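One-letter residues, chain by chain:
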Amino acid sequence: MSQQTVFGIHAVSALLEKDPESIHALMVLQGRTDERLQKLLAQATQQGVRLQTVARKELDQLVRGRHQGVVALVEAASQLDEGDLEAILDGLQGRAAFLLILDGVTDPHNLGACLRSADAAGVHAVIIPKDKSASLNATVRKVACGAAETVPLISVTNLARTMEWLQQRGIWITGAAGEAEQDIYRADLKGPMALAMGAEGTGLRRLTREHCDQLVKIPMAGAVSSLNVSVATGVCLFEAVRQRAG
């Protein structure tokens, strides 16, 4: 069985809370006794998770990044696909779908941050293409701070075809693009909808942009011409949250 690592206090704590059965072992830095870690260890013990005390060198070899003295060895995250997306939409039982499409987001830090924003905004699923996208790895799970365990990440073979299928189900697709004439605050983001965000720098790919029902932009008042994709995603998602709450 393939394994992944989840590391960092917040990410491991969220995993213990939401999916402790997936943890094969919890590796803990020898000699660390601070309150934050002790609270996490008590949580792990209560869940029956196997603990191992190891030297810093061993933790450093397990992960790339700041592990904060704790690394969980977990089952590799399962890939969800179009069939899972259909099941998610069927299970909404009349609630308006709220989806996020990420086209070409290859930086795992950005993907993790987008998942975190999606969780906070109440997004039902995040859709990515199988090619030209970061995968659900240890870095994504750490940056997501538990959102990778709560927000379904759907990997699709043909993004344009999936967008057409969503539209056939009555889901309106709004794409964010710097060249759009309409700004995000004047667009209608209520009802069943998907927000499509492109890679930083290149934006939405041509075919993805052409399959959107409307394009919007975030008005920029300063000298900077664009925002980081995870920041832009948060801005757009929460404008949709504001409208949908009304």
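Everything numeric here is computed off the predicted structure, so don't read it as measured data. (Residues numbered from 1 in each chain as written. Predicted model: local features only at pLDDT ≥ 70, side-chain atom pairs only at ≥ 80, totals over all residues. Heavy atoms only, no water.)

## Quick look at the overall build of the protein
- On a plain count of helices and strands, the protein comes out with 9 helices and 11 strands.
- The C-alpha atoms of the protein give a radius of gyration of 19 Å, which matches the 18 Å a tight globule of 246 residues would have.
- If you line up the protein on its principal axes, its C-alpha atoms span 60 × 45 × 35 Å.
- Among the 246 residues that make up the protein, the fraction classed as buried is 48%.
- Within the protein, contacts between residues separated by at least 24 positions form 82% of all contacts whose residues are at least 6 apart in sequence.
- Summing over all exposed atoms, the protein offers an accessible surface of approximately 12,200 Å²; the carbon and sulfur share of this is 47%. (Helix = DSSP H or I, 4+ residues; strand = E, 2+ residues; numbered from the N terminus. Rg over C-alpha atoms; globule rule 2.2 N^0.38 Å. Buried < 20%, exposed > 50% of the residue type's maximum accessible area, 1.4 Å probe, protein only. Contact = heavy atoms within 4.5 Å. Areas by Shrake-Rupley, 256 points an atom, 1.4 Å probe, with all protein chains shown as cover.)

## What to know about the layout of surface pockets
- Roughly 490 Å³ of internal volume is contained in the largest pocket.
- Around the largest pocket, the lining comprises 23 residues; the ones closest to its centre are Ala 176, Ala 177, Gly 178, Ser 226 and Leu 227.
- Elements with a contribution of two residues or more to the lining of the largest pocket: strand S10 (193-198), strand S11 (214-217) and helix H9 (229-245).
- When the residues that make up the lining of the largest pocket are grouped by side-chain class, the tally is 11 nonpolar, 8 polar and 4 charged. (1 Å grid on protein atoms, 1.4 Å probe; cavity = no way out; pocket = protein on both sides within 12 Å on 5 of 7 lines; lining within 4 Å. Points joined across faces, edges and corners; volume = space filled by probe spheres on them. Nonpolar A, V, L, I, M, F, W, Y, C, P; charged D, E, K, R; others polar.)

## A word on the packing of aromatic side chains
- Enumeration according to the criterion identifies 0 aromatic pairs in this entry.
- The lysine or arginine in question, Arg 244, covers the ring of Phe 98, its NZ or CZ lying 4.5 Å from the ring centre. (Phe/Tyr/Trp six-rings, centres within 6.5 Å; stacked < 30°, edge-to-face > 60°. Lys NZ or Arg CZ within 6 Å of the ring centre and 35° of its normal.)

## Notes on the pairing of strand S3 (residues 51-54)
- Sheet topology note: the strand S2 (residues 23-29)/S3 ladder contains 4 bridges and is parallel. Directly across from Val 28, in S3, lies its bridge partner Thr 53.
- For the crossover that starts at S2, traverses helix H2 (residues 35-46) and ends in the parallel S3, the hand is right-handed. (Pairing = 2+ DSSP bridges. Right-handed = clockwise from strand over helix to strand, strands pointing away.)

## Considerations on the sheet that holds strand S7 (residues 153-156)
- Taken in spatial order, the 7 strands line up as S7-S6-S5-S10-S8-S11-S9 in an open sheet, and their pairing is parallel. With partners counted over all chains shown, the strands left at the sheet margins are S7 and strand S9 (182-183), one partner each.
- One ladder, built from 4 bridges, connects strand S6 (residues 125-129) with S7; its direction is parallel. If you follow Val 126 over to S7, its bridge partner there is Leu 153.

## Let's talk about helix H7 (residues 159-168)
- Taken as a whole, H7 has its buried residues at Leu 159, Ala 160, Thr 162, Met 163 and Leu 166. The arc that holds the buried residues of H7, viewed along the axis, is 160°, so those residues lie on one side. Exposed and oriented more than 90 degrees from the buried face of H7 are Arg 161 and Gln 168.
- Of the surrounding secondary structure, the elements contacted by the buried residues of H7 are helix H4 (82-90), strand S5 (98-103), S6, S7, strand S8 (172-176) and helix H8 (206-210). (Arc of directions from axis to C-beta.)

## Things to note about the pairing of strand S4 (residues 70-75)
- Of all 6 residues that make up S4, 5 are buried, and the element is covered over most of its length.
- Inspection of the sheet shows strand S1 (residues 3-7) paired to S4 by 5 bridges, in the antiparallel sense. Across the sheet, residue Thr 5 finds its bridge partner in S4, namely Leu 73.
- Strand direction decides the pairing type here: S2 and S4, joined by 5 bridges, are antiparallel. Bridging across to S4, Ile 23 finds its partner in Val 74.

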